Amino acid sequence: MNPADPRAPTGGLSQVRGRTDEPLSDATVFELLAAAAQRWPQRDAAVFSEQGQRFTWAELLAGVETAAAGFVRLGVQAGDRVGIWSPNRSEWLITQFATARIGAILVNINPAYRLAELEYALDKSGISVLVTAAAFKSSHYLEMLQALGVDADGRSARLPALRRVVRLGDEATAGMLNWRALLRLGEGHEGELPPAGALHAREPINIQFTSGTTGAPKGATLTHHNVVNNAMAVARCMRLTAADALCIPVPLYHCFGMVLAVLACVSVGAKMVFPGEGFEPAATLAAVQAERCSALHGVPTMFIAELDHPDFARYDLSTLRTGIMAGAPCPIEVMRRVQRDMHMTEVTIAYGMTETSPVSFQSATDDPVDKRVTTVGRILPHLEVKIVDIDDRVVPLGEKGELCTRGYSVMLGYWNDPERTADAVRDGWMHTGDLATLDEQGYCNIVGRVKDMVIRGGENVYPREVEEYLFRHPKVAAVQVFGVPDARYGEELCAWIIAKPGMACSEDEIRAFCREQIAHYKVPRYIRFVAELPVTVTGKPQKFLMREAMLRELGLQAQATA
Ligand code: AMP
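Residues numbered from 1 in each chain as written. Predicted model: local features only at pLDDT ≥ 70, side-chain atom pairs only at ≥ 80, totals over all residues. Heavy atoms only, no water.

## A look at the packing of helix H1 (residues 29–39) against helix H2 (residues 57–73)
This is how it is decided: All axes here are fitted lines through C-alpha atoms, helices being fitted over the stretch that makes contact, and every angle between N-to-C directions spans 0 to 180 degrees. Only runs of H or I of at least four residues qualify as helices and only runs of E of at least two qualify as strands under DSSP, and these elements are numbered from the N terminus. Any angle that falls under 35 degrees is termed roughly parallel, while one over 145 is termed roughly antiparallel, one within 65 to 115 roughly perpendicular, and all others oblique. What makes a crossing left-handed is the near helix being turned counterclockwise from the far one by less than a right angle; a clockwise turn instead makes it right-handed. Any pair of residues with heavy atoms lying within 4.5 Å of one another is described as a contacting pair.
Interhelical geometry of H1 versus H2 gives an angle of 140° and a closest axis separation of 8 Å. Overall, the two elements H1 and H2 adopt an arrangement that is oblique. Crossing of H1 against H2: the hand is left-handed. Contacts between H1 and H2 pair Phe 30, Leu 33, Ala 34, Ala 36 and Ala 37 from the former with Trp 57, Leu 60, Leu 61, Val 64 and Glu 65 from the latter.

Put into C-alpha cells, the structure is as follows:
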C-alpha cells in the first residue's frame, strides 16, 4: 500500500477526493456506441438468451439508427421524454441508444410498477411516447394502460402529454403501434437524422425513478456526462476490455443495468449477455457457461440465490474473473464464496445511488483481499466525499456519519421537483442518507441508513452489524434487522430470517448463537422466520414494510411514530 495514495484522507477528517490523473470525457451516450461499432463492427455486442437474439456492434448500431429515425418520424425531438416499461429485452437496449441518438430523455419505468406508480411516473415526467412490453410476470402492462384511459387513439385524458404508445410483440392493440412498425417507419430515413455531434454532453438524457425504499418515487435526472464518466470509471476498476463478456441479470431500468453494465461494456467493447427478462439463478449460471462470461454483476441476493442453487456445481463457471456486487450491503461471507466458488477472484464491490450516476466508491481488483470483502473500496476519480454529523460538520476519521458526494456524478436534480432537490443536494453535495465510516487509507464502510439506526435504551444499534453476525449462522440464508417501538426501551430489535432450503431453524438456536458473542442489547428481541423478504426489484430490502408488518402483528401501530 502506498501511504501517499492521493485517495487517503488528510488531517484526521473523514473527507476524501478521487484521483484526477485521467481527464473526464465529454462523449455523449451515443458517441460511445458509435465508437465501439467503428472499432469492432463484427464482434459480438449483445446476446439476449431468452429472446434468442444476438447483435454485433454494427448490427446494434444499425438497429439503433433505424429506431431513432422511427422516433423522429413520430415527432420525438431532443428534450422530449420517451418512456420505456419493459423487462430486460433487446428493445430496451435499442431504445436506450435510439433516444440518446436524438437527445430525447429516456424515462426508465420500473417493470414492477402497478397502476398508481405508473400514472405518477408518466405524468410527473410528461412522457409523450411510451415503449411498453405487453406483460411481465403477473403484470399485464397493456391492461394497466387501458385502465389509465389509453384509448383507441393511443391517448389518455388523464395523461395529457402522452401521444403514442409503442408496444412490443406481434399482436396488435387498438391505438398502439407495434415495435416492428416503429422500425418500418424509420427504415430508409436514417440519413435524415439530425447530426449526432450536435448534442451536448451536459444535457439531461435519462430520468430514473428511485426504487422507493421510502416515500414517493423521485425522478433523478442524469446527463450524458454523469453516466458516461461513471461507466468508464467502473469499467476501469474491473479492468474490463473488449476481450470480456459480462453477464447482466440486473435490471436494465436501474442504473446497475443501464450504466454499470451496458455503458461500461459499450465504453470498452465488451460483450453484453442478458440471460433473461427477469432474474433466474439457473438461467444466469447457464448464460455464464454458454457465453463463457468473464464477468457477472448482481445484488447480494442474486449471488446468494446462485450459490445456493441445487444445481450450482453442475455449471462451468471457470471463465469468470470479475464483476460487481452492489446495491445493498454485501455480506462478507457471500463475497468470500463468490471469490472461491464462482472463481471471481477479481470481483469488486461498488457503492452508490441513482442520484450519483450511481457509483462513488468501488474496490479495485488489486486492493488487498480483506479490503475487498469488508469495505466498498475507495473513492472513484474526480469525486469528493465527506462524512458529516447531524450539523453537517465533517466527523473525525473512523466515526460514523452521513455520506455526502460531490462532483461530476451528482444528478441535475429530481425532475420537476425543486423542493426535494434542494433538500437532497446542498452546496453541490448529495446527501445520501447512508451512514458510513472511512479508514486512514480512504476505504469506506457503509454501516446502515441514517433512518435505519435503532436506539435501544440509549444504545445506538446499527442493524447492518447484527445482520452480518446472524448471517454467519449456518442455517441462515438471508436476514434483515430493524427496529420496532417499545414502551420500555424506546425501540427493540427485530430480525426477519430466511432459513436455508430444507433447514429448520428455531428462535432458540439463534438466541444461543448470539449469547456471549454479541452485546445483549444487539440480540433481537423478536425473531421471525419468513419465506421471503420484501425487496425492491433491484434487491433492496424494504425495511419499512417489514416494520409495518411487525407493528400489525404486535399491535403496536399506535406507538409507531414514523
Ligand atoms: P439506488 O438509488 O436504487 O441505487 O439505491 C441506492 C442505495 O442502495 C444507497 O443509498 C445505499 O443505501 C444502497 N447501497 C448501494 N450499494 C451499496 C453497498 N455496496 N453497500 C451498502 N449499501 C448499498
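## A short note on the state of the cysteines
Worth spelling out the cut-off: Cysteine sulfur atoms are paired as a disulfide whenever they come within 2.5 Å of each other. Any residue under 20% of the maximum accessible area for its type is buried, any over 50% is exposed, and the rest in between are partly exposed; the area is computed with a 1.4 Å probe on protein chains only.
Summed over the entire model, instances satisfying the criterion amount to 0 disulfides. Left without a disulfide partner, Cys 237 is nearest to the cysteine sulfur of Cys 444, which lies 14 Å away. A disulfide-free cysteine, Cys 330 has its sulfur positioned 12 Å from the sulfur of Cys 444, the nearest such atom. Using a relative accessible area of 6% as the deciding quantity, one classes Cys 330 as buried.

## Considerations on the domain arrangement of the chain
Heads up, the rule is: Domain segmentation is taken from an automatic or database assignment of domains.
Along its sequence, the chain is organised into domain 1 (57–219) and domain 2 (461–561). Domain 1 and domain 2 are separated by 40 Å when their C-alpha centres are compared.

## Concerning the pairing of strand S17 (residues 346–352)
Filter applied, for reference: The rule for pairing is simple: two strands pair if DSSP sees at least two bridges between them. Throughout, right-handed denotes a crossover for which the path from the first strand over the helix to the second runs clockwise when the strands point away from the viewer.
The buried fraction of S17 is high, at 5 of 7 residues. Strand direction decides the pairing type here: strand S16 (residues 322–326) and S17, joined by 5 bridges, are parallel. When the sheet's bridge partners are listed, Ala 326 is paired in S17 with Ala 350. Running through helix H11 (residues 332–341), the crossover from S16 to the neighbouring parallel element S17 is right-handed.

## Describing the packing of H1 against helix H3 (residues 90–102)
For the pair H1 and H3, interaxial distance at closest approach is 8 Å and the crossing angle is 115°. Between H1 and H3, the angle is such that the two are roughly perpendicular. When you trace H1 past H3, the crossing you get is left-handed. From H1, Val 29, Phe 30 and Leu 33 reach across to H3, where they touch Phe 97, Ala 100 and Arg 101.

## Describing the sheet that holds strand S12 (residues 219–223)
On the basis of which strands lie adjacent, the open sheet formed by 8 strands has the order S10-S9-S6-S4-S5-S11-S12-S22 and mixed pairing. In this open sheet, the two strands that pair with only one neighbour each are strand S10 (177–178) and strand S22 (413–414). Relative to strand S5 (residues 105–108), strand S4 (residues 81–85) runs parallel, the two sharing 4 bridges. Within the sheet, the bridge partner assigned to Arg 81 lies in S5 and is Ile 105. In the packing of helix H7 (residues 224–237) onto the sheet, the strands contacted are strand S11 (204–209) and S12, and the crossing angle to S12 comes to about 75°.

## Structural notes on the packing of aromatic side chains
Two measures describe an aromatic ring pair: the distance that separates the ring centres and the angle between the ring planes. Keep this limit in mind: Side-chain rings of Phe, Tyr and Trp (the six-membered ring for Trp) are treated as a pair once their centres are within 6.5 Å; stacked means planes under 30 degrees apart, edge-to-face means over 60, and tilted covers the remaining angles. Should the NZ of a Lys or the CZ of an Arg lie within 6 Å of a ring centre and within 35 degrees of the ring normal, that charge is described as sitting over the ring.
Counted by the stated rule, this structure contains 6 aromatic pairs. Ring centres of Phe 482 and Trp 496 lie 6.0 Å apart, and the angle between their planes is 75°; this geometry places the pair in the edge-to-face category. On the criterion of sequence distance, the pair formed by Phe 482 in strand S28 (residues 476–486) and Trp 496 in strand S29 (residues 490–499) is long-range, its members being 14 residues apart. Relative accessible area serves as the criterion here: at 3%, Phe 482 is assigned to the buried category. Classification of Trp 496 by relative accessible area gives buried; the value is 10%. Members of the aromatic cluster, connected to one another through ring pairs, are Phe 48, Phe 55 and Phe 274. When the ring centre of Phe 30 is taken as reference, the NZ or CZ atom of Arg 101 above it lies at 5.2 Å. Residue placement shows Arg 456 over the ring face of Tyr 489; its charged tip is 3.9 Å from the ring centre.

## What to know about the site of the ligand
Put simply, the rule is: Only a single heavy atom is needed: when it lies within 4 Å of a molecule or strand, its residue is near that molecule or strand. Throughout this description, a polar contact denotes any pair of N or O atoms lying within 3.5 Å of each other; where both atoms belong to protein, one of them has to be capable of donating a hydrogen while the other can accept it, and for residues adjacent in sequence the pair is counted only when both atoms sit in side chains. Only the protein chains shown count as covering a residue, and every accessible area follows the Shrake-Rupley method with a 1.4 Å probe. For this scheme, ten residues count as nonpolar: Ala, Val, Leu, Ile, Met, Phe, Trp, Tyr, Cys and Pro. Four count as charged, namely Asp, Glu, Lys and Arg, and the remainder, Gly too, count as polar.
Of all residues adjacent to the ligand, which total 16 residues, the nearest are His 254, Ala 350, Thr 354, Asp 434 and Lys 540. One of the side-chain N or O atoms of His 254 is found 3.0 Å from an oxygen atom in the ligand. Alone, the ligand offers 500 Å² of accessible surface; in the complex the protein occludes 91% of this. Breaking the shell around the ligand down by element, the ones donating at least two residues are S17 and strand S25 (444–449). Among the residues making up the shell around the ligand, the classes are represented as 8 nonpolar, 5 polar and 3 charged.

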